[in-house]
Amino acid sequence: MAKITASVYTSHVPAIGAALDLGKTQEPYWQPVFQGYEFGKQWLKDNQPDVIFLVFNDHATAFSLDMIPTFAIGCAESFTPADEGWGPRPVPVVQGHPELAAHIAQSVIQQDFDLTIVNKMDVDHGLTVPLSLMCGQAQAWPCPVIPFAVNVVQYPVPSGRRCFELGKAIRKAIESFDQPLNVQIWGTGGMSHQLQGPRAGLINKEFDNAFLDQLIADPEALASKPHIDYVREAGSEGIELVMWLIARGAMSDVAGGPAPKVAHRFYHVPASNTAVGHLILENK
């Protein structure tokens, strides 16, 4: 049977992708950011999965205000990097895993979570920047990727509890797939940041690090954090952190297994007026 071996958490700041694409990774401003991912890059080479289930949010690229799915799973054979207004990023096409994606959709829907099934979708920086941070400037991504888009742009957005419980359902779905696949689940977005209004540029280091502490040690309690706490303490875009709870809910300790191993933890500010967080947890 398939199994989830690890979860990876990372911000997906668009300017990070631009810095990488334009060869600015060693500039003084950007070097500390990319240095924080050197461990993760080597770790991924040493722990290469068969499939990555990548939780992200679309930034009005695949979905507009005309249609806003709360949860959408990509079931296509491949996903093209999106043109977000300045041309597509020069990164590989994302190869999907339609068989596993369809199985997850079937299982999760039967567990009473409504998913939108997407058979054609371009993917924006929310998905390609995490891959670039963990893989560098690759000629091809190391394995198939199942994109899982969450609406954290237009209210109402799903609660942290809903996301955490969905992670549990995704774990059950993956573990019932009858192929011996090594699957990693990635939660992306955040950390604290606000892009507009009087609080534009807000970063809250204390909130971010407390979130990481609780994500590791007590995700069940963290799942009960209300939306207003994210918005008040982490900025309007800080709500993206609920997506990390999907990945955390899929870890085996939530189902009674041993606590995961913290393989790597990194935090840095600023990166394009955004706090950058990165965490790798391994199932024991």
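Residues numbered from 1 in each chain as written. Predicted model: local features only at pLDDT ≥ 70, side-chain atom pairs only at ≥ 80, totals over all residues. Heavy atoms only, no water.

A few points about the nonpolar core
Then, in step 1: Core analysis: the biggest nonpolar cluster contains 56 residues, and F53, I73, F148 and I246 have the highest contact counts within it.
Then, in step 2: Broken down by element, the residue count for this core peaks at seven residues, all from helix α6 (residues 160-175).
Then, in step 3: The contact partners of I73, leaving out residues within four places of it in the chain, are F53, A101, I104, A105, L115, T116, I117, V118, I146, P147 and F148.
Then, in step 4: Core analysis: the second largest hydrophobic core is formed by 40 residues, A19, L44, I52 and L54 among them. (Core = buried A, V, L, I, M, F, W, Y, C linked by side-chain atoms within 4.5 Å. Buried < 20%, exposed > 50% of the residue type's maximum accessible area, 1.4 Å probe, protein only. Helix = DSSP H or I, 4+ residues; strand = E, 2+ residues; numbered from the N terminus. Contact = heavy atoms within 4.5 Å.)

Notes on the sheet that holds strand β10 (residues 276-282)
Then, in step 1: Strand order in this open sheet of eight strands is β6-β3-β7-β2-β8-β1-β10-β9, and the pairing throughout is mixed. A strand with exactly one partner marks an edge of an open sheet, and here the two such strands are β6 (116-118) and β9 (261-268). Taking the axes of each pair of neighbouring strands and ignoring which way they run, one obtains an average angle of 15° across the sheet.
Then, in step 2: Sheet topology places β9 next to β10; seven bridges connect them, and they run antiparallel. Bridge assignment links R265 to a residue of β10, and that residue is L279.
Then, in step 3: Packing of helix α3 (residues 38-46) onto the sheet brings it into contact with β1 (3-10), β8 (182-188), β9 and β10, and relative to β10 it is tilted by some 30°.
Then, in step 4: In the packing of helix α4 (residues 98-110) onto the sheet, the strands contacted are β2 (51-56), β3 (71-74), β6, β7 (145-150) and β8, and the crossing angle to β3 comes to about 150°. (Pairing = 2+ DSSP bridges. Axes fitted to C-alpha atoms, helices over the stretch in contact; angles between N-to-C directions.)

Observations regarding the environment of H193
Then, in step 1: Counting through the fold element by element, H193 comes out in the loop between β8 and α7 (205-217).
Then, in step 2: Judged by its relative accessible area of 6%, H193 is buried.
Then, in step 3: Between the C-alpha atoms of H193 and P270, which are 77 residues apart in sequence, the distance is 9.8 Å.
Then, in step 4: The residues contacting H193, other than those within four sequence positions of it, are L202, A234, G235, S236, E237, G238, E240, N273 and T274.

As for the packing of α4 against α6
The geometry of a pair of packed helices is captured by two quantities: the angle between their axes and the separation between those axes.
Then, in step 1: Direction vectors running N to C along α4 and α6 enclose 125°, while the axes themselves pass 9 Å from each other. Here α4 is positioned oblique relative to α6, judged by the angle of their axes. In the crossing of α4 with α6, the sense of the turn from one axis to the other is right-handed. Contacts between α4 and α6 pair H103, I104, S107 and V108 from the former with L166, A169, I170, A173 and I174 from the latter.
Then, in step 2: Looking at the contact of α4 with α6, its residues break down into seven nonpolar, two polar and no charged. (Parallel < 35°, antiparallel > 145°, perpendicular 65-115°, else oblique. Left-handed = near helix turned anticlockwise from the far one by under 90°. Nonpolar A, V, L, I, M, F, W, Y, C, P; charged D, E, K, R; others polar.)

Examining the pattern of salt bridges
Then, in step 1: Applying the stated criterion across every chain yields a total of 10 salt bridges.
Then, in step 2: Two residues, E165 and K168, come together in a salt bridge whose shortest N-O distance is 3.2 Å. Of the two residues, E165 and K168 both sit in helix α6, three residues apart, roughly one turn of that helix.
Then, in step 3: Accessibility expressed as a relative area gives 28% for E165, which makes it partly exposed.
Then, in step 4: Here K168 falls in the buried class, since its relative accessible area comes to 19%.
Then, in step 5: Via salt bridges that share partners, R161, E165, K168 and E220 belong to a single interconnected network. (Salt bridge = Lys/Arg side-chain N within 4 Å of Asp/Glu carboxyl O.)

Concerning α3
Then, in step 1: Looking at α3, one finds that the buried residues are G40, W43 and L44. Buried residues of α3, viewed axially, fall in a sector of 100°; they line one side. Facing away from the buried side of α3 by more than 90 degrees, the exposed set consists of K45 and D46. (Arc of directions from axis to C-beta.)

Here's the deal with the side chain of D58
Then, in step 1: Position of D58 among the secondary structure elements: in the loop between β2 and β3.
Then, in step 2: A distance of 3.1 Å separates a polar atom in the side chain of D58 from the backbone nitrogen of A60.
Then, in step 3: Engagement of the side chain of D58 in a polar contact is seen with the backbone nitrogen of A62, the distance being 2.8 Å.
Then, in step 4: In contact with D58, not counting residues within four places along its chain, are F63, D124 and V153. (Polar contact = N/O pair within 3.5 Å; in protein donor to acceptor, adjacent residues only side chain to side chain.)

A look at the pairing of β2
Then, in step 1: The buried fraction of β2 is high, at six of six residues.
Then, in step 2: Across the two faces of β2 the burial is the same, with V51, F53 and V55 and I52, L54 and F56 all buried.
Then, in step 3: Relative to β7, β2 is paired through five bridges, and the arrangement is parallel. Residue F53 lies in a different strand from β7, and its bridge partner there is I146.

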